Structure formats: C-alpha cells, structure tokens
Amino acid sequence: MRKNFLPITLLLTAILLLFSAIFINQRNHQYPEQLFKKEAIIFDQNIQCFIENIHVNLQNLSLQFEDSLLIQNTVKSEKYLIEFLNKHPEINNLAFTQNNYKISIHRDNKSLVIAADSTDSLDLVLWKRFDNGKLIGSWSQSFETSFYQTKWYQNLIQNQGKIHWFFGPQNPAINPTNDTNQLIILAYPYLNKTTHNILIYSYTYQSLRQYFKTFSRYNQVLLAIKTVDDQVVNISKGLDLKSNTDKISIQSDSLLQYAFHHYNNLKNRENGIFNFQYRNETIWNSYNRLSNENSVSYFLLSIPNQAIEDYNSQNWLVLIILALAGILMFLGIVLLIFKNRNRSSRSTIFPSLDELLMGDEGRTLEFKSSLRWDYRQLKPNAELEQVVMKTIAAFGNTDGGILLIGVDDDKNIIGIANDLKTLKKQDTDYYEIHLRNILHANMGIKYVSKNIRIQFEKSEEDRIVCKVKVHAANEPMYLKTTNKSGQTEEKMYVRSGNGSHEIKSIADINDYINTHFKTKKQ
C-alpha cells in the first residue's frame, strides 16, 4: 500500500479536482441575458476606445505634418508613417495629401509598400516594397486621370473639417491592391492656412474583427455600423449573410432587416439591450447612439443565444482544472501500472551466470556448492538445506540478493548433478519443487511467492547452476528451525558482509526492525 502512496494520492487529487470543477461550473452558471450584458459593456468600451483613438490619431498626424515642408522630406515622412503603422496593427493603409504632394503606405502580406510623389499633370506613382526594412522591389503606376481631378478628391475638399467613411473601392492611387472591396476607409480633409490636406487611413474587415475581441470569443457575431449619411457597414463572422464586405442596405439581408426593424422600435433610447426571434433562434442585441461628431450614427451588436451558451460552456477556470485533473489521473495510472509491473519484472530478471561470477561473495551475492549433497561425507546432508534457508532469509531481511547453488567458494562451477541424483526425479523441475517445498515449510507460501524467484542456467561445461533471486522484503522474516531437542524455533537472520548472521536478542531485533523495515515503508 505504501509503495502505491504517490499514485493513489495523484488519483484522489484528480477526483477531488473533478468534483471541484463540477461545483464551480454549477455555482458560476449565468443566464444568457447576464452574459450578453457583460459582453455589451465590454464591447461598448472597446468601440468608444476605437473612436477616441481615431480622433487622437488624426490630431497627431495633422500636427506632425503641420509644417508643409515635411511631406517633401521623403525619408522623414516614410520613417514616421512606418512607425505609425507598426503601432496600429488594425490599420491597413495610411495616406496623406498636401496640395500637390502625397505619400502613402500600406500593408501587403508581410511587406510594406510605400509611395511618395509630387506629380499632378499625369498621375504617376512610384511604389517601393520593403520587407523587414529592406527594399526588395519598386514599380511605377500610371493613371488616366489625375488623383486631384477625381470626383472622390473634389468631394472631400468641398467638405472639410469632418470625418468621412467609405466602404469598398475608392481611389487606387492611395492603395493599389486588388482587394479594395475589403476596405473601410476613413478620410479627414482639413485646411491648414492655405494648404488643402487630407488624412486617409483604412481598415480591412479582418483587422477590425481582430481588433474587436468579441469576434474572437464567439463563433457567430454581427456588427453593423451606420454613418450619419445612412451608410451601413456589416462586419460579421460565422453568419449566413449575403455579403459582409461591401456597402449593405438594410433590405439586402433578412437578419439585418430584422435587427434594424426591432432597433427602430427603440429609437427614443440612446442605448440598451434587446432580443428577437430569427429562424427559431434568439438573437441578443446591444446598441448605442453616438455623437454626430464621429460621423457614426450608431452601432448594433448582435450575437445568437447559442453562440453565447457555447462560449459560456468554455469556462477557462473549469477547463484548466479539468486539464490538471486529467494530467494527474494519467500520471497516477501510469505510476500505478509501472510500480506493479516493475515489482514483478524486477523479481524475474536474472543477471547471466558469467556476469554474476565476475563479482565476489558479499552482501547481495552468495555461492553454495550444493543444496543437500555433502562433498566431505559424499552423501546427502539435510543440514545443508538449512544453511541455504538461512542465506535466503538473510537476503530477504536485508537488501535482497542472489544465491548460486552449484558454485563453490572459489567460483568453480560444480553444478547440481549430485543434488539431482538424490531426488526421486532427476530433473530441474523436480529440483525446483523440492526447493520450494523446503522454502514453504520454513518461510510460508505467501512470503516465498512474493519475494523469491528460481532459475536454472547451463554453463559452457554443460553444468547446471540453480540461481535463487531473493527480493528485499517489506516485513521481517523469521526462519523456522528445529533445535537439538526437536522443538521449532523462529530465528532472524540478516546479511553482514559476505555472511548470514542471526540477531539473537529481542532488543537488537526490535532495533533492526525499527531502523530497517519501518524506514523503508516511509
């Protein structure tokens, strides 16, 4: 039992953790409206921070380029824009125009593409691609219409001092990639003294999903943002919508139509939470009307009830406890199997005869010429069997050991042929039966079965040696002997050096048991 203390402790701890996980999960159970309310508060703070960052970024960028000569310094401008883009991973593209000068930088996979120019008559843009700060390519791009003559640019110049949102393709001179329909573009035109300036940066739908952590927590999310000019951008995940990339009208998708329909019933409230039924599913919604200064009218966040319950079932504390319980249970089972297998395997593994004969007699190794054949008297001698019993008992009471029967003190292999001649059946099977019968009579069947193994091996001279392996016992063995008066006595033998010695006094026996066996159990 004590040998299995560690694995049993691990298994009991694992069971305790399992019950703890069940208790925590039941105690922390929350209803969908409670869970969604927490998420709505977090998301509201998240989007307010997002809008605040927009204004801070626009202010910092306008101050940075307040000096009209700075944009003409290509090296400084490019360095600043690269640093800005690295600080804001959610922004895909950043561009700035000032009269006839413009500079633009955008992400393209893992590289950055930069352009700076001052041409106007024929809009020609030189793009340079950098990867890890190293220039790896450049090319020119020509356009039939000058950037400054586009309707898009003219509309911005005529509506200065406020933020404009655009969804989908606008002007490729600002971003030359083919996936412009994946962009949400923010433009801020303003007048600085006599110069016309436009700050432009864009987001991809994917980058916004990564920015708003709600998308990473739930497998189904709808986020609809409406601008003051009634444009709607739909950033969705895992929902069956007709489109989640382009400008969307409310009527183009049934879920959006349902959401805005129910939202309009609450138009007198600035913010709140509501739900409605859609295709046999409850949809939870949170909305907040924003200041017109942001050019955003309001946002509407929608999450299906099932997605909320799925996320709630992923209680991270419970999952960690369950994982720890699983690890402890696995270790406990492995240790339990290993200890029991190891106990059996250690007791049956014998070194070869040659390996054993390389050593000398000592605390764990003993040689005996025979089990019962007396080479001096040249006849069987039962007293020799008791000598073998003393050695085996001493091994068990100390550190275990191996007894070789058929080898003399000088390591000469004599074999057990003379022992076999004294038995009814002259083979190793009967020899082992005879030896075990003696062991059972002197030590008990339970002790012998648990701690003693027997094996035979032939030498190169074709002589058979009996190898007796004795495992160190967990409890003391008192050997049964018969004194001269014919009375049965129990004696305790231990190994000391290369000999087996009896501990005679009760005090010494108790002291040995306390220092050897009780210490081993601990």
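Reading the values: rules and limits
- Residues numbered from 1 in each chain as written.
- Predicted model: local features only at pLDDT ≥ 70, side-chain atom pairs only at ≥ 80, totals over all residues.
- Heavy atoms only, no water.
- Salt bridge = Lys/Arg side-chain N within 4 Å of Asp/Glu carboxyl O.
- Buried < 20%, exposed > 50% of the residue type's maximum accessible area, 1.4 Å probe, protein only.
- Core = buried A, V, L, I, M, F, W, Y, C linked by side-chain atoms within 4.5 Å.
- Helix = DSSP H or I, 4+ residues; strand = E, 2+ residues; numbered from the N terminus.
- Contact = heavy atoms within 4.5 Å.
- Pairing = 2+ DSSP bridges.
- Phe/Tyr/Trp six-rings, centres within 6.5 Å; stacked < 30°, edge-to-face > 60°.
- Lys NZ or Arg CZ within 6 Å of the ring centre and 35° of its normal.
- Axes fitted to C-alpha atoms, helices over the stretch in contact; angles between N-to-C directions.

### Some thoughts on the pattern of salt bridges
- Going through the model one piece at a time under the given rule, you end up with 12 salt bridges.
- Here Lys-491 and Glu-489 are joined by a salt bridge, their closest N and O atoms 3.8 Å apart.
- By relative accessible area, which is 23% here, Lys-491 ends up partly exposed.
- Residue classification places Glu-489 among the partly exposed residues on the basis of a relative accessible area of 30%.

### Some details on the nonpolar core
- Within the largest apolar cluster, 53 residues are counted, with the highest numbers of intra-cluster contacts made by Phe-50, Ile-54, Trp-165, Tyr-201, Phe-212 and Ile-235.
- It is helix α2 (residues 32–64) that provides the largest number of residues to this core, a total of 10 residues.
- What Ile-235 contacts, discounting residues up to four positions off in sequence, is Ile-184, Tyr-205, Leu-208, Arg-209, Phe-215, Val-221, Leu-222, Leu-223 and Ile-225.
- Counting 28 residues, the second-largest nonpolar core is a separate cluster that includes Ile-405, Leu-420, Tyr-431 and Tyr-447.

### As for the pairing of strand β2 (residues 101–108)
- Where strand β1 (residues 91–98) meets β2, 6 bridges bridge the pair, whose relative direction is antiparallel. Residue pairing across strands places Gln-98 opposite Tyr-101, the latter belonging to β2.

### Observations regarding the side chain of Glu-366
- Within the secondary structure, Glu-366 sits in strand β14 (residues 365–368).
- The buried category is assigned to Glu-366, whose relative accessible area is 8%.
- If sequence neighbours within four positions are ignored, Glu-366 has contacts with Glu-361, Thr-391, Phe-395, Ile-402, Leu-403, Leu-404, Arg-495 and Asn-498.

### Side note on the side chain of Asn-46
- When you line up the elements, Asn-46 lands in helix α2.
- The exposure class of Asn-46 is buried, given its relative accessible area of 19%.

### Some points on the packing of aromatic side chains
- Using the criterion set out here, one finds 19 aromatic pairs in the structure.
- Centroid distance Tyr-188 to Tyr-190: 5.5 Å. Interplanar angle 25°. Geometry classified as stacked.
- Residue classification places Tyr-190 among the buried positions, given a relative accessible area of 11%.
- Relative to Phe-212, the ring of Tyr-211 has its centre 5.2 Å away and its plane inclined at 90°; by these criteria the two rings are edge-to-face. Across the pair, Phe-212 and Tyr-211 agree in class, each one buried.
- Among the aromatic side chains, those forming a connected cluster through ring pairs are Phe-43, Phe-50, Phe-84, Tyr-201, Tyr-203, Tyr-211, Phe-212 and Phe-299.
- Geometry around Tyr-298 places Arg-289 over its ring, the cationic atom sitting 6.0 Å from the centre.

### Things to note about the environment of Ile-105
- With respect to the secondary-structure elements, Ile-105 resides in strand β2.
- A relative accessible area of 1% means that Ile-105 is categorised as buried.
- Sequence spacing of Ile-105 and Leu-85 is 20 residues, and the spatial spacing of their C-alpha atoms is 8.3 Å.

### Some thoughts on the sheet that holds strand β18 (residues 452–458)
- Strands sit in the order β14-β17-β19-β18 across an open sheet of 4 strands; the sheet is mixed. Both edges of this open sheet fall to β14 and β18, since each of them pairs with a single strand only. In this sheet, adjacent strand axes meet at a mean angle of 20° when their direction is disregarded.
- In the packing of helix α11 (residues 382–397) onto the sheet, the strands contacted are β14, β17 (401–405), β18 and β19 (464–470), and the crossing angle to β17 comes to about 165°.
- Taken strand by strand, helix α13 (residues 428–443) contacts β17, β18 and β19, and its axis lies near 155° from that of β18.

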